[in-house]
Amino acid sequence: MSVTETEKTGARTDQAATVITGARERIDALDDRIIGLIQERMAVSAVIQDARIASGGRRVNLAREMEVLAHYRDALGKPGTSIAMTMLELCRGRI
């Protein structure tokens, strides 16, 4: 038994289902781009960490992380801080 687009989207009309389906496709494409950008940021962060450690520094620069947190908070409000915390955790690398 096939699930209709209306059932799949939770919409009550075919027109709304079409709008929702198109918007979800756009969101999926945006999510793919965001994931790619985070992966790129992780790679760049690894280069920075390697250079810092090779020079005798620490892997993490807490002052810089505070700047990043403030930037996300200023741009996105309080939820931006949570997003930044998760992103920083991903970018710190593995010990």
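See the structure above.
Before going into details, it helps to say that this report is about the structure given with it. All values reported here derive from a predicted model rather than from experimental measurement. (Residues numbered from 1 in each chain as written. Predicted model: local features only at pLDDT ≥ 70, side-chain atom pairs only at ≥ 80, totals over all residues. Heavy atoms only, no water.)

**Examining the packing of helix H2 (residues 14-54) against helix H4 (residues 78-91)**
- Closest axis-to-axis distance for the H2/H4 pair is 8 Å, and the angle between their directions is 55 degrees. Between H2 and H4, the angle is such that the two are oblique. Crossing of H2 against H4: the hand is right-handed. Taken together, the residues of H4 that come into contact with H2 (itself represented by Ile38, Arg41, Met42, Ser45 and Gln49) are Met87, Leu88, Leu90 and Cys91.
- Residues of the contact of H2 with H4, tallied by class, amount to 6 nonpolar, 2 polar and 1 charged. (Axes fitted to C-alpha atoms, helices over the stretch in contact; angles between N-to-C directions. Helix = DSSP H or I, 4+ residues; strand = E, 2+ residues; numbered from the N terminus. Parallel < 35°, antiparallel > 145°, perpendicular 65-115°, else oblique. Left-handed = near helix turned anticlockwise from the far one by under 90°. Contact = heavy atoms within 4.5 Å. Nonpolar A, V, L, I, M, F, W, Y, C, P; charged D, E, K, R; others polar.)

**Some details on the environment of Asp74**
- Its location among the elements puts Asp74 in helix H3 (residues 62-76).
- Put simply, Asp74 and Ile27 are 47 residues apart on the chain and 23 Å apart in space, counted from C-alpha to C-alpha.

**Some details on the nonpolar core**
- One finds Val68, Leu69, Ala84, Met87, Leu88 and Cys91 forming the largest nonpolar core, which totals 6 residues.
- Broken down by secondary-structure element, the contributors of at least two residues to this core are H3 and H4.
- For this core, the element with the most residues is H4, which contributes 4 residues.
- The contacts of Cys91, once residues within four sequence positions are left out, are Arg41, Met42, Ser45 and Gln49. (Core = buried A, V, L, I, M, F, W, Y, C linked by side-chain atoms within 4.5 Å. Buried < 20%, exposed > 50% of the residue type's maximum accessible area, 1.4 Å probe, protein only.)

**Observations concerning the pattern of salt bridges**
- On inspection of all chains with the given rule, the structure shows 3 salt bridges.
- Residues Arg92 and Glu65 are paired through a salt bridge, measuring 2.7 Å at the closest nitrogen-oxygen approach. Here Glu65 lies in helix H3 and Arg92 lies in the segment after H4, a separation of 27 residues in the sequence.
- Here Asp74 makes a salt bridge to Arg73, at a shortest N to O gap of 3.8 Å.
- Judged by its relative accessible area of 41%, Arg73 is partly exposed. (Salt bridge = Lys/Arg side-chain N within 4 Å of Asp/Glu carboxyl O.)

Scope: geometric values only; no functional claims are made or implied.
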